[in-house]
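# Results of the structural survey
As a plain string of letters, each chain reads:
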Amino acid sequence: MRLLHTSDWHLGRAFHRVNLLGAQAEFIGHLVTTVRERDVDAVVVSGDVYDRAVPPLAAVELFDTALHRLADLGVPTVMISGNHDSARRLGVGAGLIDRAGIHLRTEPSAAGTPVILRDAHGDVAFYGLPYLEPALVKDEFAVDRAGHEAVLGAAMDRVRADLATRAPGTRSVVLAHAFVTGGQASDSERDITVGGVAAVPAAIFDGVDYTALGHLHGCQTITDRVRYSGSPLAYSFSETDHRKSMWLIDLDADGSVGAERLDCPVPRPLARVRGTLDHLLADPGLTRHEDAWIEATLTDPVRPAEPMARLTERFPHTISLVFDPERTQDDPRVSYARRLAGRGDQQIAQDFVAHVRGAGPDEDEAAVLREAFDAVRADHAVREVAR
C-alpha cells in the first residue's frame, strides 16, 4: 500500500503578516496532483489542519475544497486533530464525511478503533491518535500522572490490544501528533511542555509498522518506521534551511517500509541577513537574496534612521526587522529578551524567585510552579475548545 504522509497545514496562518492562503491552496493542488500521478492508495494528515481553534472562514473554505478534491479522487484520507485544532470543531460531521472516504479521527476515546483499508495483500489498520492534552485526557486513559508519555503510552496500549485481535499479517499505521525524542523543533510550533517534559520516546510506538507524526515543522526521520513529514510551508524564519516536503511511503506485504521524500512548492525562499545597515545595502554577496522574504538583523550600535524603508529599496520583501547591536555580554544595555533567550517559562519563573529571594526554589516549590504552568495550559486548551 502506498501512503502519502503530510501534516501541519496550519490553514489560515500568516507569515509575518503575509497572507499565505494562496500558497496553501497551491500546496493542496500539489497534494492532489501527487496523489493522482504517483498512484497513492491513502493519504494521512497528522494534525494541525488549521492554525487555530476558530479558523477564519477563508481557511475553512480551503479545507472544504481540499476534502472535496480528495474525495473526488476516490483515494481514502485519514486525518487527526493537532494541538492547534479544535478537535470538536474539526470532528463535526465526521460520521457523514466518513462515507466519502475521508476519515476524521478527533476523539481520544477512539484511539483503539482503526480505519481498515485493504490492498492485494490484506488489511491495513490505521489508528488515529489526535493530540492528547494530558490534563484533559488522563481520566479517559486512567493514568495517575498527567504527562505526555503516560497518556500516549496508554493510547498505544489500546492500539496494540486491538491489533492483537486482528487477522495474522494485518499491517498497521499510527497517526500521532506529539514531540518525539530526537526531533528538532523550530520557532513556529506551539509549546506543549507539561510538567517540564514535552518529548516522548520513539519506543512508545513499538509494535506498529509505520508511525506518521505531526507537530514538528521540519521533515525528519526518527527511525525508519517513525517519521515527521513537517509542515508544507515555512511558518518562521527558524525554518529558513528546511526542505519542505511530504513522505511517500510504500508499505510492503510483510510490513517493511520504503520511503521517498517529495518536495512541496516554495512560494518564496527565506533568508536571514545580519550586519550594519550600510553593509547589508552594499554587500554584493547578498544579491541572491533580493527576491526572498527577508529577516534582517541590524548590528548598528545606534539605530539608523528609516531602516525598513532603506532595506526594502534593495530587499522589497523584507518582513522582519531585528535590532541586535554588537555589545559584550556584560554590557548593561544587553536587552532583556536576549538574556531570556533559550529559557522556558519554568526556568524564567525559577530565576525570578532566585532574584527576589536570593535562592532558587526547592524541589517542592519547583513542583508547585510546574503544576501552575500546567494548569494554565490546560485551562487555555479548555477555553479554546469552548469558544
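Everything that follows concerns the structure shown earlier in this document.
Notes on the structure follow. (Residues numbered from 1 in each chain as written. Predicted model: local features only at pLDDT ≥ 70, side-chain atom pairs only at ≥ 80, totals over all residues. Heavy atoms only, no water.)

### Some thoughts on helix H1 (residues 21-37)
Counting along an α-helix, one turn takes 3.6 residues, and residues three or four places apart therefore face a common direction. With 17 residues, H1 extends 24 Å from end C-alpha to end C-alpha; this agrees with the ideal 24 Å at 1.5 Å per step. Those residues of H1 lying buried are Ala23, Gln24, Phe27, Ile28, Gly29, Leu31, Val32, Thr34 and Val35. Buried positions along H1 lie against strand E1 (2-6), strand E4 (42-46), helix H2 (57-73), strand E15 (245-251) and strand E16 (257-263). Within two residues after H1, Asp39 carries a phi angle of roughly 55°, on the positive side. (Helix = DSSP H or I, 4+ residues; strand = E, 2+ residues; numbered from the N terminus. Expected span 1.5 Å × (residues − 1). Buried < 20%, exposed > 50% of the residue type's maximum accessible area, 1.4 Å probe, protein only. Contact = heavy atoms within 4.5 Å.)

### Structural notes on the nonpolar core
Leu129, Phe141, Leu152, Val174, Val180, Phe205 and Leu213 are the most contacted members of the largest nonpolar core, which totals 33 residues. If you list the elements that add at least two residues to this core, you get strand E8 (122-129), helix H6 (148-164), strand E9 (171-177), strand E10 (179-180) and strand E14 (226-228). Ranked by the residues each element gives to this core, the list is headed by H6, at seven residues. Formed by 28 residues, the second largest nonpolar core is a distinct cluster that contains Leu62, Ala66, Leu70 and Cys264. (Core = buried A, V, L, I, M, F, W, Y, C linked by side-chain atoms within 4.5 Å.)

### What about the packing of aromatic side chains?
For the structure on display, the rule yields four aromatic pairs. Considering the side-chain rings of Trp9 and Phe27, the 5.9 Å spacing of their centres and the 70° angle between planes classify their relative orientation as edge-to-face. Of this pair, Trp9 sits in the loop between E1 and strand E2 (14-15) while Phe27 sits in helix H1, and the two are 18 residues apart along the sequence. Side by side, Trp9 and Phe27 carry an identical accessibility label, which is buried. (Phe/Tyr/Trp six-rings, centres within 6.5 Å; stacked < 30°, edge-to-face > 60°.)

### Here we look at the sheet that holds strand E19 (residues 318-323)
Read from one edge to the other, the open sheet built from three strands follows the order E17-E18-E19, with strand pairing classed as parallel. The sheet terminates laterally at strand E17 (270-275) and E19, the two strands that pair on one side only. Across the sheet, the mean angle separating the axes of adjacent strands is 15° when strand polarity is ignored. Relative to strand E18 (residues 293-298), E17 runs parallel, the two being bridged by six bridges. Bridge pairing in E18 places Gly275 opposite Leu298. Seen against the sheet, helix H8 (residues 307-314) touches E18 and E19 and runs at an angle of roughly 135° to E19. (Pairing = 2+ DSSP bridges. Axes fitted to C-alpha atoms, helices over the stretch in contact; angles between N-to-C directions.)

### Thoughts on H2
Under the 1.5 Å per step criterion, the end-to-end length of H2 is 25 Å for 17 residues, consistent within 8% with the ideal 24 Å. All of the buried residues in H2 are Ala59, Leu62, Phe63, Ala66, Leu67 and Leu70. Take H2 and look down its axis: the buried residues cluster within an arc of 140°, on one side only. In H2, the exposed residues that point more than 90 degrees away from the buried face are Leu57 and Asp72. Where H2 is buried, its residues touch H1, E4, strand E5 (77-80), helix H3 (87-90), helix H4 (94-98) and strand E6 (102-105). At the exit of H2 stands Gly74, carrying a positive phi of roughly 75°. (Arc of directions from axis to C-beta.)

### What to know about the side chain of Ser229
Mapped onto the elements of the fold, Ser229 is located in the loop between E14 and E15. By relative accessible area, Ser229 is classed as buried at 1%. Sequence-distant contacts of Ser229, defined by excluding residues within four places in its chain, comprise His5, Thr6, Ser7, Leu213, Cys219, Ser245 and Trp247.

### With respect to the sheet that holds E9
Judged by pairing direction, the sheet is mixed, and its six strands sit side by side in the order E7-E8-E9-E12-E14-E13 without closing on themselves. Both outer strands of the open sheet, strand E7 (115-119) and strand E13 (220-223), are each paired with one neighbouring strand and no more. With direction set aside, neighbouring strand axes in the sheet form an average angle of 20°. Across five bridges, the pairing between E9 and strand E12 (residues 210-214) is parallel. Looking at the pairing, Leu175 lines up with Ala212 of E12.

### Examining the pairing of E7
In terms of strand pairing, E7 meets E8 through five bridges, oriented antiparallel. Paired with Asp119 across the strands is Gly122, a residue of E8.

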